[in-house]
Amino acid sequence: MELTVNWHLLNCLAEIANQAGRAIMAVYETDFEHRLKADDSPVTEADIRADQIVRARQAGAATGISFVCNPQENRASYLDKSLMS
């Protein structure tokens, strides 16, 4: 079986991951806090920023491909507004 690689898509996804990783590390360099989601699992501002980057960028890079990001719930239900800016 021959594997076909979509190098353009792969490069786009790598850049999305890199950008999300930089956003995460920027938060981790601060004195950050965590909140609890509805299922009592923790979420930080780093999670929210990475989620926003992946969701915004993947729509243009990978049309028709589903992504699973965390957190997926309605942020307003478990985060105060200070983390959503």
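Our subject is the structure listed above.
Numbering of residues starts from 1 in each chain and follows the order in which that chain's sequence is written. Where totals are concerned, whole chains, interfaces and linings use all residues; where local detail is concerned, this predicted model gives features only for residues with pLDDT of at least 70, and gives and counts side-chain atom pairs only at 80 or more. The side-chain figures draw on all heavy atoms in the structure; neither hydrogens nor water molecules are used.

Whenever I open this one, the nonpolar core confuses me. Can you help?
Nonpolar side chains in soluble globular proteins tend to be buried together. Side-chain atoms within 4.5 Å link the members of a nonpolar core, which is a set of buried Ala, Val, Leu, Ile, Met, Phe, Trp, Tyr and Cys residues. Burial classes follow relative accessibility: with a 1.4 Å probe on protein chains only, a residue under 20% of its type's maximum area counts as buried, one over 50% as exposed, and anything between as partly exposed. The biggest cluster of nonpolar side chains holds six residues, and these are Ile 16, Ala 20, Ala 23, Ala 50, Ile 53 and Val 54. Numbered from the N terminus, helices here are DSSP runs of H or I no shorter than four residues, and strands are runs of E no shorter than two. Of all the secondary structure elements, the ones that give two or more residues to this core are helix H1 (7-28) and helix H2 (45-61). The contact partners of Ala 23, leaving out residues within four places of it in the chain, are Arg 49 and Ile 53. When checking whether two residues touch, look at their non-hydrogen atoms; a contact exists if any pair is within 4.5 Å.

Would you mind going over unusual backbone geometry with me for this structure?
Comment: phi is negative for the bulk of residues other than glycine, and the bulk of peptide bonds are trans. Of note in the backbone geometry, Asp 40 takes a positive phi value of approximately 70° without being a glycine. Assignment of secondary structure puts Asp 40 in the loop between strand E1 (34-36) and strand E2 (42-44). We classify Asp 40 as exposed; its relative accessible area is 58%.

Sorry if this is basic, but what is going on with the packing of H1 against H2 here?
A pair of packed helices is captured by two measures, namely the crossing angle of their axes and the spacing between those axes. Taken N-terminus to C-terminus, the directions of H1 and H2 make an angle of 160°; their axes are 8 Å apart at the nearest point. As far as their axial angle goes, H2 and H1 are roughly antiparallel. The interaxial crossing formed by H1 with H2 has right-handed handedness. Residues Leu 9, Cys 12, Glu 15, Ile 16, Gln 19, Ala 20, Ala 23, Ile 24, Val 27 and Tyr 28 of H1 form the contact with H2, whose own contacting residues are Glu 45, Ala 46, Arg 49, Ala 50, Ile 53, Val 54, Arg 57, Gln 58 and Ala 61. Along the lines of polarity and charge, the residues of the contact of H1 with H2 split into 13 nonpolar, two polar and four charged. Only the stretch in contact is used when fitting a helix axis, every axis being a line fitted to C-alpha atoms; angles between N-to-C directions are given from 0 to 180 degrees. Our angle categories are set so that under 35 degrees counts as roughly parallel, over 145 as roughly antiparallel, 65 to 115 as roughly perpendicular, and the remainder as oblique. Take the far helix as your reference; a near helix turned counterclockwise from it by less than a right angle gives a left-handed crossing, and one turned clockwise gives a right-handed crossing. Under the grouping applied here, Gly and all other residues not named as nonpolar or charged are polar, the nonpolar ones being Ala, Val, Leu, Ile, Met, Phe, Trp, Tyr, Cys and Pro and the charged ones Asp, Glu, Lys and Arg.

Sorry if this is basic, but what is going on with H1 here?
Residues lying three or four places apart along an α-helix face the same way, a consequence of the helix completing one turn every 3.6 residues. For a helix, the expected span equals 1.5 Å multiplied by the number of residues minus one. Compared with an ideal rise of 1.5 Å per residue, which puts 22 residues at 32 Å, H1 spans 31 Å between its outermost C-alpha atoms and is within 8% of the ideal. For H1, the complete set of buried residues consists of Leu 9, Cys 12, Ile 16, Ala 20, Ala 23 and Val 27. Looking straight down H1, one finds its buried side chains confined to an arc of 65°; they lie on one side. Along H1, the residues that are exposed and aim more than 90 degrees away from the buried face are Trp 7, Asn 11 and Ala 17. Of the surrounding secondary structure, the elements contacted by the buried residues of H1 are H2. Measuring from the side-chain oxygen of the N-cap residue of H1 to the backbone nitrogen of His 8 gives 3.3 Å; that N-cap residue is Asn 6. Taking the helix axis as origin, the arc is that swept by the directions to the C-beta atoms. Any N or O atom pair separated by 3.5 Å or less is treated as a polar contact, with the protein-specific requirement of one donor-capable and one acceptor-capable atom, and with residues adjacent in sequence counted only for side-chain atom pairs.

Just to check I follow, could you spell out the environment of Val 43 for this structure?
As for its placement among the helices and strands, Val 43 is situated in strand E2. What makes Val 43 buried here is its relative accessible area of 1%. Separated by ten residues in the primary sequence, Val 43 and Glu 33 place their C-alpha atoms 8.7 Å from one another.

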